[in-house]
Amino acid sequence: MNILILGSGGREHALAWAIRQNPKCDRLIVAPGNPGMAAIAECADLDILSRAAVCEFAQENAIDLVVIGPEAPLAAGVADALRGAGLLVFGPSQAAAQLEASKAFTKEVCDACGAPTAAWARFADAQAAHEYIDARGAPIVVKADGLAAGKGVVVAETLEQAHDAIDMIFGGAFGAAGAEVVIEEFMDGEEASFFVLSDGVNCLSIGTAQDHKRVGDGDTGPNTGGMGAYSPAPVLSEAIQAQVMEQMIRPTVAEMARRGTPFQGVLFAGLMIKDGQARLVEYNVRFGDPECQVLMMRLGAQALDLIHACAEGRLDQITANWAEDHALTVVMAADGYPGSYQKGSEIKGLSSLPEDSFNMVFHAGTGQKDGAIIATGGRVLAATGRGATLAEARDRAYGLVDAIDWPEGFCRRDIGWRAL
Ligand code: AMP
Ligand code: GLY
C-alpha cells in the first residue's frame, strides 16, 4: 500500500513509525512531516488544509490510504474531499468532526443519546451568560464553543474569573470560535483518555492513556498541549471502560449515524472519573498528542491493520492484540513554553540514541539547519519508552531524555506519578 499521513507533530511521527513497520506498507509519504519522519518516510511540502491540493497530490502519487493526524484538516473537510475523489481515508467528515469543533454540538449529541456529561448551557449573548453564572455559582467552567487550540477553556474557581472569561471570549479573544459560549458544571475527579476506532457502525477500543496537561511537576503552572503521557491508565478499569463503551461511545456513534453523519476515525474521549463512574469532558476526533506516541509504541505494526480496517468499514472483523506492556512518553519543550520561547537552538545527541520497540524519540517541533537538528516549536521531542512495567517504561524514557544534549529545553520529571 502507498500511504499518505497528514501532519508534522510527534503524533504523526509515531503513526509513521508504527505504520512503517507493517510489511503491507510500501511507499510512505508524510506531509509536511519533520526531520524525524524524514528518516523513515518521504516528506512532501503540501498545504494540508487545502482540499484540492491534498486530493491532487494523493491521486498523482497513487495513494491507497490517507491518514489524517490533526483536527484542522478534518474540520476543513479534507476527508470529505478525498472520499469524494474516491480515495480511502482514515478520519471523520467535516460534519462528524463537529464532535471536536463545536462543544455545544457535542453536548447536544450527549443529551440526545444519554451519554453522561456535565450539566451545561449555551449562550450567544454575554448578558445572559453573566446571569447564568451568578445563578449557578463557582466553581464553574466557561468554554469558547469552537476550536481554540486548546486555550478556549477556563475552569473558574471564582465568579470573578468566570465573568472575566465570558468577557474575554465575547471580546473576541478566539475570533469566530468564541461566537458562542458553553458554560458547564465543574466536574471533580481524575482525568483519563479512552481511544476507540469507529467505522461509523462498529467500535473497537484501542487503549487508554493519561496525559499531563500542566507545564510543571506536581501538575502546577499553566496548561499545555500535554507534557507527557502513559498507557495503559489504571484508573480506567475494565469495568469503567465497559461503562464508557456502552453508555457513551456506542450511543454517540449510533446517534451520529442516525443524523446521517456517521463518525469514521478515532474517537478520543476525555473522561472525568469519580467514584468508579466516568463522565465525558470532551471528544476529540483524532489521536491525542502525546497520547498517540504511547498508543503506537504499544500497538506497533498492527496499527496499520486497525486503521485500514477502520477506513474500509471492517472493524467487526479485527481485534487489537495487546501485550502486557506499558509505554510512557516525556515531552521535551523549549524554555518558556507554553509562553513565548526561542526557536533555532541546536539539539545534540539524537543520532546516538537507540531506536527500537522499547526506545524511541519522536520529533514534534524540529527542523534541520546546516546538517544539525534545531528546535522549531514549543513542544519539540517526545522521548518514549516501553517496558514490562510502567517503571521500566519510565526509566527508558528518562534515559533517552538524559542522553539528549539540549540546554535550551526542559521537561517534567514526574510523568506517570499517578500510576507509579
Ligand atoms: P476541554 O478542551 O474541553 O478538554 O477542556 C480542557 C480541560 O479543562 C480538560 O482537560 C479539563 O481539565 C478541564 N475541564 C473541561 N471541562 C471541565 C468540566 N466540566 N469540569 C472540570 N474540568 C473541566
Ligand atoms: N494531549 C491532548 C490532546 O491531544 O488533545
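1. Considerations on the site of ligand 1
The environment of ligand 1 is formed by 15 residues, the closest being Glu184, Met187, Glu191, Lys213 and Glu282. Note that a nitrogen atom of ligand 1 is positioned 2.8 Å from one of the side-chain N or O atoms of Glu184. Contacts to ligand 1 include Glu185, whose backbone N or O atom sits 2.9 Å from a nitrogen atom. Look at ligand 1: alone it shows 470 Å² of surface, and the protein chains cover 90% of it. Looking at the shell around ligand 1, the elements that each hand over two or more residues are β7 (140–144), β8 (153–156), β9 (181–185) and β16 (277–284). Grouping the constituent residues of the shell around ligand 1 by class yields eight nonpolar, no polar and seven charged.

2. Things to note about the sheet that holds strand β18 (residues 346–347)
Note on sheets: strands pair through backbone hydrogen bonds, and any given pair is parallel or antiparallel. A sheet is described by the order of its strands in space; here three strands give the open sequence β18-β21-β20, paired in antiparallel fashion. The open sheet has two edge strands, β18 and β20 (366–369), and neither has a second partner.

3. Quick notes on the side chain of Asn2
Structurally, the position occupied by Asn2 is in the segment before β1 (3–7). By relative accessible area, which is 17% here, Asn2 ends up buried. Only 3.1 Å separates the side chain of Asn2 from the backbone oxygen of Ala62, close enough to count as a polar contact.

4. Considering the pattern of salt bridges
Enumeration according to the criterion identifies 26 salt bridges in this entry. Notably, a salt bridge pairs Arg412 with Asp219, separated by 2.9 Å at the nearest N-O pair. Separated by 193 residues along the polypeptide, Arg412 in the segment after β23 (409–410) and Asp219 in the loop between β12 (214–216) and β13 (220–223) bring together distant segments of the chain. A relative accessible area of 0% means that Arg412 is categorised as buried. You can call Asp219 partly exposed: its relative accessible area is 25%. Put simply, Asp219 and Arg418 hold a salt bridge, and the shortest N to O gap is 3.7 Å. Here Asp219 is found in the loop between β12 and β13, whereas its partner Arg418 is found in the segment after β23, with 199 residues between them in sequence. The class of Arg418 is partly exposed, set by a relative accessible area of 43%. The structure contains a network of salt bridges with shared partners spanning Glu190, Asp219, Arg412, Asp414 and Arg418.

5. Considering the site of ligand 2
Contacts to ligand 2 come from Asp211, Gly225, Phe268, Asn284, Arg286, Gly288, Asp289, Pro290 and Glu291. A distance of 2.9 Å is found between a nitrogen atom of ligand 2 and a backbone nitrogen or oxygen belonging to Asp289. A distance of 2.9 Å separates a nitrogen atom of ligand 2 from a polar side-chain atom of Glu291. Burial of ligand 2 by the protein chains amounts to 87% of its free accessible area of 200 Å². Taken together, the residues of the shell around ligand 2 sort by class into two nonpolar, three polar and four charged.

6. Topic: a nonpolar patch on the surface
A contiguous nonpolar surface patch, about 220 Å² in accessible area, is contributed by Val153, Val155 and Phe186. As for its position among the elements, Val153 is in strand β8. Given a relative accessible area of 34%, Val153 falls into the partly exposed group.

7. Thoughts on the pairing of strand β2 (residues 28–32)
Within β2, four of the five residues are buried, which leaves it mostly tucked inside the rest of the structure. What joins β1 to β2 is helix α1 (residues 10–20), and the crossover it makes is right-handed. Taken together, the two bridges between β2 and strand β3 (residues 42–43) define a ladder with parallel strand orientation. In the strand pairing of β3, Val30 is matched with Cys43.

8. Side note on the packing of aromatic side chains
Evaluated as defined, the whole model comprises six aromatic pairs. For the ring pair Phe195 and Phe268, a centre distance of 4.6 Å and an interplane angle of 40° mean the geometry is tilted. Of the two residues, Phe195 sits in strand β10 (residues 190–199) while Phe268 sits in strand β15 (residues 264–274), which places them 73 residues apart along the sequence. The same class applies to Phe195 as to Phe268, namely buried. Judged by centre distance (6.4 Å) and plane angle (25°), the ring pair of Phe195 and Phe287 falls under stacked. Of this pair, Phe195 sits in strand β10 while Phe287 is found in the loop between β16 and α11 (291–299), placing the two residues 92 residues apart along the sequence. Among the aromatic residues, those joined into a ring-pair cluster are Phe90, Phe195, Phe268 and Phe287.

Thresholds applied
Residues numbered from 1 in each chain as written. Chains lettered and ligands numbered in written order. Predicted model: local features only at pLDDT ≥ 70, side-chain atom pairs only at ≥ 80, totals over all residues. Heavy atoms only, no water. Near = heavy atom within 4 Å. Polar contact = N/O pair within 3.5 Å; in protein donor to acceptor, adjacent residues only side chain to side chain. Areas by Shrake-Rupley, 256 points an atom, 1.4 Å probe, with all protein chains shown as cover. Helix = DSSP H or I, 4+ residues; strand = E, 2+ residues; numbered from the N terminus. Nonpolar A, V, L, I, M, F, W, Y, C, P; charged D, E, K, R; others polar. Pairing = 2+ DSSP bridges. Buried < 20%, exposed > 50% of the residue type's maximum accessible area, 1.4 Å probe, protein only. Salt bridge = Lys/Arg side-chain N within 4 Å of Asp/Glu carboxyl O. Patch = residues over 30% accessible without salt bridge, like charges linked within 9 Å, V, L, I, M, F, W, Y side chains within 5 Å. Right-handed = clockwise from strand over helix to strand, strands pointing away. Phe/Tyr/Trp six-rings, centres within 6.5 Å; stacked < 30°, edge-to-face > 60°.

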